Amino acid sequence: MSGDTLPPLREVIAAHGLAADKRFGQHFLLDLNLTAKIARLCDDLPASVAVEVGPGPGGLTRALLSEGASRVIAIEKDARFLPALEEISAAYDDRLTVIEADALKVGREALGLAPGTRTVIAANLPYNVGTALFTGWLEAEPVWWNRAVLMFQKEVAERIVARTGEEAYGRLAILTAARARARYAFTLPARAFTPPPKVDSAVVVVDPLDDEQRFADVEALSVVTASAFGQRRKTLRKSLGQAASQTGASAEDLLTACDIDPSARAETIAPDGFMALARAWRAARG
Ligand code: SAM
């Protein structure tokens, strides 16, 4: 049996009684053109293992396999999907392995990836855990993935790729810039999903920076950005006070050490400025 002989997704959903369950953020993408478009953004799938979070009935899974992924490791929390996913595995010569688990609790080790394997994370992420999963992957050391092609609600995608000064610019854009390069690939209207969610979605493509370029001290970066954006309407002299209070220095000291105007506001400072502040915070903390 080849992948092409699998029944259409709507039939799979009906045959297995797979009604979407809101608790698991289930909105299925059944349009084969769209799933193929996402799979192609993974690049070089025949030389890659794809790690998919939340395969559901398997639309994107099937696209990854038919675009030639050498293996797909799919992590699904809702056991109702396992029989449908087993049929896909059989149709694609067991190139699909399914792990029944909460992806938030699955570490790199559980994936059993051979060292040096090109690994792509591909997912139509459940809205309620998408950001937590993404920041976990961004912060992971060593970095075990070579590219991530991820669907988020559009507003989250905009926060990931936002540039300094834009309304969506904040902690997520800064963490992303410190660890990776991200680009906005395309928007999917809510009606592309079954059932449609309340908001539009978007796909982002993320490539991790090299070891020498990645900013390592994510804890310090998190402290300074939480402080600065926690009160984003205030000047940094005031808003950074909370982070500075954990050191022997004042907010003004930290800012002037980094050549940043203490009367500036957080959204006007580029990621490099926050990385400098994180270094200054760490040095002052000792
Ligand atoms: N990939 C499918 C598609 O594109 O049609 C389904 C996407 S649906 C938005 C999200 C999927 O993630 C569901 O299958 C849901 O059961 C699963 N899911 C939700 N939370 C999860 C978690 N914490 N770990 C693993 N899977 C999860």
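Look up a bit, the structure's there.
Note that the structure is predicted; figures quoted are calculated from it, not measured.

What follows concerns the sheet that holds strand E6 (residues 147–153). The strand order E4-E3-E2-E5-E6-E9-E7 describes an open sheet built from seven strands, whose pairing is mixed. Both edges of this open sheet fall to strand E4 (96–100) and strand E7 (180–188), since each of them pairs with a single strand only. Going across the sheet, the axis of each strand differs from the next one's by a mean of 20°, ignoring polarity. When strand E5 (residues 118–124) meets E6, the two strands line up parallel, connected through five bridges. Each bridged residue has a counterpart across the sheet, and for Ala123 the counterpart in E6 is Leu150.

Across the six residues of strand E2 (residues 48–53), six count as buried, placing the element largely inside the fold. Bridge count for E2 against E5 is six bridges, and the pairing is parallel. Bridging from a neighbouring strand, Val53 pairs with Ala123 of E5. For E2 and strand E3 (residues 71–76), the ladder comprises five bridges, and the chain directions are parallel. Of the residues in E3, the one forming a bridge with Ala50 is Val72. Crossover handedness for the path E2 to helix H3 (residues 59–66) to E3: right-handed.

Here we come to the site of the ligand. Taken together, the neighbourhood of the ligand is formed by 20 residues, with Gln26, Leu29, Gly54, Glu76 and Asn124 sitting nearest. With respect to the ligand, the side chain of Glu76 contributes an N or O atom lying 2.6 Å from an oxygen atom. Asp102 has a polar side-chain atom sitting 2.9 Å from a nitrogen atom of the ligand. Protein contact buries 98% of the 590 Å² of open area that the ligand shows by itself. Applying the majority rule of atoms within 2 Å of the grid points places the ligand in the largest pocket. Looking at the shell around the ligand, the elements with two or more residues in it are strand E1 (28–29) and E3.

This part covers the pattern of salt bridges. Using the criterion set out here, one finds 16 salt bridges in the structure. For Glu141, the salt bridge identified is with Arg214, shortest N-O distance 2.9 Å. Taken together, the residues span a long stretch of sequence, with Glu141 in the loop between helix H5 (130–139) and E6 and Arg214 in the loop between strand E9 (201–208) and helix H8 (218–230) at a distance of 73 residues. According to the relative accessible area criterion, Glu141 is partly exposed, its value standing at 48%. By relative accessible area, Arg214 is classed as buried at 10%. Arg159 is paired through a salt bridge with Glu155; the nearest N and O atoms lie 3.1 Å apart. Of this pair, Arg159 and Glu155 are both found in helix H6 (residues 154–161), four residues apart, which corresponds to roughly one turn of the helix. Judged by relative accessible area, which is 42%, Glu155 ranks as partly exposed. What emerges from the salt-bridge pattern is a single network uniting Glu141, Arg179, Asp211 and Arg214.

Calculation criteria
- Residues numbered from 1 in each chain as written.
- Predicted model: local features only at pLDDT ≥ 70, side-chain atom pairs only at ≥ 80, totals over all residues.
- Heavy atoms only, no water.
- Pairing = 2+ DSSP bridges.
- Helix = DSSP H or I, 4+ residues; strand = E, 2+ residues; numbered from the N terminus.
- Axes fitted to C-alpha atoms, helices over the stretch in contact; angles between N-to-C directions.
- Buried < 20%, exposed > 50% of the residue type's maximum accessible area, 1.4 Å probe, protein only.
- Right-handed = clockwise from strand over helix to strand, strands pointing away.
- Near = heavy atom within 4 Å.
- Polar contact = N/O pair within 3.5 Å; in protein donor to acceptor, adjacent residues only side chain to side chain.
- Areas by Shrake-Rupley, 256 points an atom, 1.4 Å probe, with all protein chains shown as cover.
- 1 Å grid on protein atoms, 1.4 Å probe; cavity = no way out; pocket = protein on both sides within 12 Å on 5 of 7 lines; lining within 4 Å.
- Sits in = over half its atoms within 2 Å of the grid points.
- Salt bridge = Lys/Arg side-chain N within 4 Å of Asp/Glu carboxyl O.

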